[in-house]
Amino acid sequence: MERPHDFVERLEKDMSLKILLYLEDPYDLAAVSGVSKSWRRFVIENGLLKQLCLKLWPDLSKIIDVDELIDKPKRDDISTLDIPSFLTRDHRVFSLLSYGLTSFPSNDQIKDAVCASSTDRYPDERIENTLMEDQLETTYWSSGGEADQTVPETLVYKLAADLCLISEIHVQPYQAFTEPLDPTYSAEAVRFCMCHRRSPLKLSDSSAAQSYDDDMFMWTYTSPEYPMAQTSENQRFRLPRPILCMGGILKIELLGRAQNSYIDGLYYICVSHVQAFGRSLGPLFEISVIDDTGCCIVNRIYGVPSVRNEIDDRRCCYCCY
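Residues numbered from 1 in each chain as written. Predicted model: local features only at pLDDT ≥ 70, side-chain atom pairs only at ≥ 80, totals over all residues. Heavy atoms only, no water.

Undergrad: What should I look at first to understand the overall build of the chain in this one?
TA: A tally of regular secondary structure across the chain gives seven helices and 16 strands. Counting all 321 residues of the chain, 50% fall into the buried class. Taking all contacts inside the chain whose residues are at least 6 apart in sequence as the whole, residues at least 24 apart take part in 77%. Accessible surface computed for the chain: about 15,500 Å², of which carbon and sulfur atoms make up 49%. (Helix = DSSP H or I, 4+ residues; strand = E, 2+ residues; numbered from the N terminus. Buried < 20%, exposed > 50% of the residue type's maximum accessible area, 1.4 Å probe, protein only. Contact = heavy atoms within 4.5 Å. Areas by Shrake-Rupley, 256 points an atom, 1.4 Å probe, with all protein chains shown as cover.)

Below, the structure written as structure tokens:
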């Protein structure tokens, strides 16, 4: 029976779509899908949650397909609506994506150091030093020395998951208190890139000794260039928008050398600490990158107890699991 105030049933489809597309929060759209069966059908059949996700996070447009692995959902409240399975699957996956991209706390997402373009004295000045939480005055990474101040350096890190939303990166240059005038070996500028691997990446205790090769990766995002202060303070660089890294690799490009060493007169860049702040969707999803543009297939993983319990507590979407 038609309800007198149900605009979804009374209005033309295009008008109902126009009204619901004004919603800007995935939680609001999830709430709409729980109002009634007709509203839920309308939201799912028209892929409204997916459309909103693509609007809020344009990087999700690289997802060309989604799948669900292990323990398919047993709830039948959606299946009784007689909606094509690929639409209900997309709705569940993008519901959980939106939950992860908005609800998880923002924290440091760097998991491992991969390699540096050069290292002055390995292993004492290796890239792993930049991830140590208890920083010492003598703990840092140092590049090799160069007479040319324009030679850049590169630090590559593995993020906590193949799907991470990164919004801010911190870089702390190293100050050499053991040298005359306590010089700071900061770069003149910094730039950030995110990517996926061309082939499986093998990390080991000697990963800092690996020679950097740009062909190991396919870079899908490059940030603007940010000037760096010539101080040892922890410098914070906020990206123009939160970037969804689909591939789990972060590259930090250190551009220009400002300080030479009194010992040999060569220019160095040294970094004490690096952090990348954002959200990880690792427990919930894994991705399969299928081409060099970063297009990928996203697999939703079931059976993650801690995350499932959190979802049960928050009730992020009436039909997201």
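Having seen the structure, we can now continue with the description.
Undergrad: Just to check I follow, could you spell out the side chain of His 170 for this structure?
TA: You can see His 170 is positioned in strand β6 (residues 163-173). What makes His 170 buried here is its relative accessible area of 5%. A polar contact is formed between the side chain of His 170 and the side chain of Glu 168, at a distance of 2.6 Å. Every residue in contact with His 170, bar those within four places of it in the chain, is listed here: Asn 234, Gln 235, Arg 236, His 273, Val 274, Gln 275 and Phe 277. (Polar contact = N/O pair within 3.5 Å; in protein donor to acceptor, adjacent residues only side chain to side chain.)

Undergrad: Would you mind showing me how to read the layout of surface pockets here?
TA: Vacant regions in the atomic arrangement are exposed by a probe of water-molecule size rolled over the atoms. Quantified by volume, the largest pocket comes out at close to 370 Å³. Residue classes in the lining of the largest pocket are distributed as eight nonpolar, four polar and six charged. (1 Å grid on protein atoms, 1.4 Å probe; cavity = no way out; pocket = protein on both sides within 12 Å on 5 of 7 lines; lining within 4 Å. Points joined across faces, edges and corners; volume = space filled by probe spheres on them. Nonpolar A, V, L, I, M, F, W, Y, C, P; charged D, E, K, R; others polar.)

Undergrad: Is there a simple way to explain the packing of aromatic side chains in this structure?
TA: Pairs of aromatic rings are described using the distance from one ring centre to the other and the angle between the two planes. Under the counting rule described, the total for this entry stands at five aromatic pairs. Judged by centre distance (3.8 Å) and plane angle (15°), the rings of Tyr 140 and Tyr 174 are stacked. Of the two residues, Tyr 140 is situated in the loop between β3 (110-116) and β4 (141-142) and Tyr 174 in the loop between β6 and β7 (187-197); the sequence distance between them amounts to 34 residues. Exposure class is identical for Tyr 140 and Tyr 174. Each is buried. For the pair Tyr 185 and Tyr 268, a centre-to-centre distance of 6.4 Å together with 90° between the ring planes defines the contact as edge-to-face. On the criterion of sequence distance, the pair formed by Tyr 185 in the loop between β6 and β7 and Tyr 268 in strand β13 (residues 267-268) is long-range, its members being 83 residues apart. (Phe/Tyr/Trp six-rings, centres within 6.5 Å; stacked < 30°, edge-to-face > 60°.)

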